[in-house]
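Structural description and commentary
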Amino acid sequence: MLEDNLAFLLRDSVSKSIRDRPRLSFEDWAPRYMGSPDGIEFELLPHQLAPARDIFTPTIPWVALRWASGLGKTYLFGAAFVYAIDQLGLECGLMYPNERTAFNRLEEKIWPFFEATPKINQLHQTKNNMGLKSWSEGGRITAVGANSATEIRVLEIDFCYADEIDSITQEESDEGDKVDLFFKRARGRANVYKLVSSYPSQKGMSKIDTFFDIGDGCRWYMDCPKCGKGVDFHPNHVVAPSGKAHLALVECPECSKTFNDQERKTASRETGRYIDSLGEVVTGGDVPRVGKGRSYHVNCMAHVGPSDSSFASYLHEVYEGREACTDEKKKRVFLNTMCAESYAPVEESPDVQVSELVRRRENWNPKESVPDGVLCVTWGAEVQQNR
């Protein structure tokens, strides 16, 4: 018993020496201590900096990311989990649509950041199971599926991260909205950090769209290298001179001039900033001026990393992806993953001739058909594919 107590005191003393005092902010700590699974020096990119300042600001009710593919969402949150354990010793919850996905994402996406960061290895890990990691100096990560109400119900967490929320299904028998139930597991904690992210799915059904709309609606703007005006550039602004896709350029909607991929990347790095729905610049770490939380939208035009080796440039990749949308399924994938926009299904019109409907109409006189005492007349129609 004495030896156990001495060992605990020793680990506690080491923990206090490892955890920086005064505590470094996440955006300062990450470049100094974080390792990267790909072996490249860790760097927070311009569009990641403001969210990095928000993630550990407890006065912000929640942070929502509606980001395109390849913008480093996993990179950002992988580092955030390491910081949450190394510096804050938080009880962390990681939720995905189902338990199997949650366990796999923790092991394959999040845990490699721990393995690549020597500093975290100075803490004494007590559990390293599928779906559960813990440290004796404080800190735990529990992965759960949104379909496992029992597992969610027993959580007690400070740091709540729900990913792929647009893939979460809702049943009539559920106790309520699953993201909301997950967030409630932090109720009563001293400092709470609530985070959600996802590609959007279908218009009118997208959870991440709802978070973005009720938040402060921050969008990524950068200055046009030609006219200097701030623009929320979109994949539709990518053009191919004389139909040559490998020479793809960006055409500014303000001045109609074009610029190349390297100029786009430089503009994003040097002039990129978030602007909220009030038109104000957002740098992160502050309480939203409008809305119920902090929400970010970024499409693929903010991408500053290397392009796929099979393309001449990233703009070439974007152009080819857009032009390949020859059917509704491909269009939906491009909108969701590259534009970070939800998809509006094409409604099929019934093959019914108007003249046939006119022929079948009946004369109706409410004065003759409606009995005395009726105050309001309503109508309805059931619409099917064939009628």
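Heads up: these notes are all about the structure in this document. It should be emphasised that the depicted structure is a prediction, and the values quoted were computed from it without experimental measurement. (Residues numbered from 1 in each chain as written. Predicted model: local features only at pLDDT ≥ 70, side-chain atom pairs only at ≥ 80, totals over all residues. Heavy atoms only, no water.)

1. Examining the overall build of the protein chain
Rules: A run of H or I in DSSP counts as a helix once it spans at least four residues, and a run of E counts as a strand once it spans at least two, with each numbered from the N terminus. For every residue, the accessible area obtained with a 1.4 Å probe (protein chains only) is divided by the maximum for its type, and the residue is called buried under 20%, exposed over 50%, and partly exposed between those limits. Residue contacts are defined here by distance: any two heavy atoms, one from each residue, within 4.5 Å place the two residues in contact. Each accessible area value is a Shrake-Rupley result obtained with a 1.4 Å probe; residue values ignore everything except the protein chains displayed when judging cover.
Assigned secondary structure in the protein chain consists of 13 helices and 15 strands. The buried share of the protein chain, taken over its 387 residues, is 44%. Taking as baseline every contact in the protein chain between residues at least 6 positions apart, the subset at least 24 positions apart corresponds to 72%. In the structure as shown, the protein chain presents an accessible area of about 20800 Å², 48% of it carried by carbon and sulfur atoms.

2. Considerations on the pairing of strand β2 (residues 91–96)
What counts here: Paired strands, as defined in this entry, are two strands with at least two bridges between them according to DSSP.
Of all six residues in β2, five are buried; the element is thus mostly enclosed. Pairing analysis gives six bridges linking β2 to strand β5 (residues 140–145), with the strands arranged parallel. Within β5, the position partnered with M95 by the bridge is V144.

3. A word on the nonpolar core
The following threshold applies: Only buried residues count toward a nonpolar core, which is a set of Ala, Val, Leu, Ile, Met, Phe, Trp, Tyr and Cys residues joined through side-chain atoms within 4.5 Å.
Formed by 77 residues in total, the largest nonpolar core has its most connected members in F26, F56, F114 and F159. At 10 residues, helix α4 (residues 73–86) tops the list of elements feeding residues into this core. Setting aside residues up to four positions removed in sequence, F114 forms contacts with F81, V82, I85, I120, N121, W135 and I141.

4. Things to note about the sheet that holds strand β10 (residues 238–239)
Either a parallel or an antiparallel arrangement is found when strands of a sheet pair, and the pairing is made through backbone hydrogen bonds. Strand order in the open sheet made by the three strands is β10-β11-β12, with antiparallel pairing throughout. Of all strands in the sheet, those bounded by a partner on one side alone are β10 and β12 (258–259).

5. Points about helix α11 (residues 328–337)
Filter applied, for reference: Polar contacts, as used here, are pairs of N or O atoms within 3.5 Å; protein pairs need one atom able to donate a hydrogen and one able to accept it. Residues neighboring in sequence count only if both atoms are side-chain atoms.
Turning to α11, its buried residues are F334, L335, N336 and T337. In this fold, the buried residues of α11 make contact with α10 (314–323). The backbone nitrogen of K329 has a side-chain oxygen 3.1 Å away, supplied by the residue at the start of α11, namely D327.

6. Points about the state of the cysteines
Formally: Two cysteine sulfur atoms form a disulfide, by the criterion used here, when they sit within 2.5 Å.
Evaluation of the coordinates by the stated rule reveals zero disulfides. C160 provides the cysteine sulfur closest to C92, a residue in no disulfide bond, and the two sulfurs are 9.0 Å apart.

7. Things to note about the side chain of K73
Structurally, K73 is set in helix α4. For K73, a relative accessible area of 18% gives the class buried. Dropping the residues within four chain positions of it, K73 is found in contact with W67, Y161, D163 and S197.

8. Observations regarding the pairing of strand β1 (residues 63–67)
For β1, the tally of buried residues reaches five of five residues, placing the bulk of the element in the interior. Going residue by residue along β1, you find V63, L65 and W67 tucked away on one face and A64 and R66 tucked away on the opposite face as well. Direction of pairing for β1 relative to strand β7 (residues 193–197): parallel, over a ladder of three bridges. In the strand pairing of β7, V63 is matched with L195. Direction of pairing for β1 relative to strand β15 (residues 294–298): parallel, over a ladder of five bridges. Within the sheet, the bridge partner assigned to L65 lies in β15 and is Y296.

9. Quick look at the packing of aromatic side chains
Rules: Note on aromatic contacts: the rings of Phe and Tyr and the six-membered ring of Trp form a pair at centre separations within 6.5 Å, being stacked when their planes are under 30 degrees apart, edge-to-face when over 60 apart, and tilted otherwise.
Enumeration according to the criterion identifies 20 aromatic pairs in this entry. Between F56 and F159, the aromatic rings sit 5.5 Å apart at their centres with planes inclined by 20°, giving stacked as the arrangement. Of this pair, F56 sits in the loop between α3 (46–55) and β1 while F159 sits in strand β6 (residues 159–163), placing them 103 residues apart in sequence. A residue is classified by how much of its surface remains accessible, and F56, at 13% relative accessible area, is buried. Relative to Y274, the ring of W220 has its centre 4.8 Å away and its plane inclined at 65°; by these criteria the two rings are edge-to-face. Residue W220 is located in strand β8 (residues 218–223), and its partner Y274 is located in strand β13 (residues 273–275); the two are separated by 54 residues in the primary sequence.

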